[in-house]
Amino acid sequence: GALGLLLGGATGAAWGVIPSVVTFGLSIPICATVMGTLGMWTGVAMGGAAGLAGGGAVGYGAAVCAGDRSFQECVDHVKEKARSWSRGAVMAEPGGTGGTA
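In this report, the structure presented in the accompanying data block is examined. Residue numbers run consecutively from 1 along every chain, following the written order of its sequence. It should be noted that, the model being predicted, local features are given only for residues of pLDDT at least 70 and side-chain atom pairs only at 80 or more, the latter also being counted only at that level, while totals for whole chains, interfaces and linings use all residues. To obtain the side-chain values, all non-hydrogen atoms of the structure were used and water was disregarded.

Notes on the overall build of the protein
Looking only at helices and strands, one finds 4 helices and 0 strands in the protein. In sequence order, the protein lays out its α and β elements as α-α-α-α. Think of it in three bands: with a 1.4 Å probe and only protein chains considered, a residue is buried below 20% of the maximum accessible area for its type, exposed above 50%, and partly exposed in between. Counting across all 101 residues of the protein, residues that qualify as buried make up 11%. Per the convention used, a helix needs a DSSP run of H or I reaching at least four residues, while a strand needs a run of E reaching at least two, with both numbered from the N terminus.

What follows is the structure, encoded as C-alpha cells:
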C-alpha cells in the first residue's frame, strides 16, 4: 500500500506536469492525489491477495502435514516440495507455448 502510494503519487505528479500550462499548475497535485490513491488501493489489494494465498498454502500444508508426522518430517517435506517446484520453474522454457512444435 505505501509503495503504491509513493509510486502512484510520483507518477501522477509527472503526468500532471503535461497539462499544467493550461491548468496553471493545479493539475500536478490533483493528478498526484488521484494516482497516489489508486496506487495505494492497488497495492493493498495485491498485498492482501498474496497474503491470503500464502496464508492459505501454509495453513493447508500445516493441516496436511500435522497428521502423523513429526515436525522435522514436515519441514523436510516442505523443503523437498519447494525444491521440486523450483526445478520445474528453472527447467521451463521461457516464452514457450508448451504445445507441439
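So much for the structure itself; the text now carries on.
Quick notes on the packing of helix H1 (residues 2–17) against helix H3 (residues 27–65)
Running from N to C, H1 and H3 point in directions that differ by 150°, and their axes come no closer than 6 Å. The angle between the axes of H1 and H3 places the two elements in the roughly antiparallel class. Pair H1 / H3 crosses with right-handed handedness. Of the residues in H3, those in contact with Gly4, Leu5, Gly8, Gly9, Thr11, Gly12, Ala13, Gly16 and Val17 of H1 are Ser27, Ile28, Cys31, Ala32, Met35, Gly36, Thr37, Gly39 and Met40. Each residue receives one of three labels: charged for Asp, Glu, Lys and Arg, nonpolar for Ala, Val, Leu, Ile, Met, Phe, Trp, Tyr, Cys and Pro, and polar for the others, Gly being one of them. Class assignment of the residues belonging to the contact of H1 with H3 gives a composition of 8 nonpolar, 10 polar and no charged. Helix axes are fitted only over the stretch in contact, all axes being lines through C-alpha atoms; the angle between N-to-C directions runs from 0 to 180 degrees. Reported orientations rely on four angle classes, namely roughly parallel under 35 degrees, roughly antiparallel over 145, roughly perpendicular from 65 to 115, and oblique for the rest. By convention the crossing between two helices is left-handed if the near helix lies anticlockwise of the far one by an angle smaller than a right angle, and right-handed if it lies clockwise. Every residue pair with non-hydrogen atoms within 4.5 Å of one another is taken to be in contact.

Description of H1
By this rule the span expected of a helix is its residue count minus one, scaled by 1.5 Å. Over its 16 residues, H1 extends 23 Å from the first C-alpha to the last, a length consistent with the 22 Å expected when each residue adds 1.5 Å. Those residues of H1 not exposed but buried are Gly4, Gly8, Gly9, Gly12 and Gly16. Projected down its long axis, H1 shows its buried positions confined to an angular sector of 120°, all on one face. In H1, those exposed residues whose orientation departs by more than 90 degrees from the buried face are Leu3 and Leu6. Where H1 is buried, its residues touch helix H2 (20–23) and H3. By arc we mean the arc of the directions from the helix axis to the C-beta atoms, nothing more.

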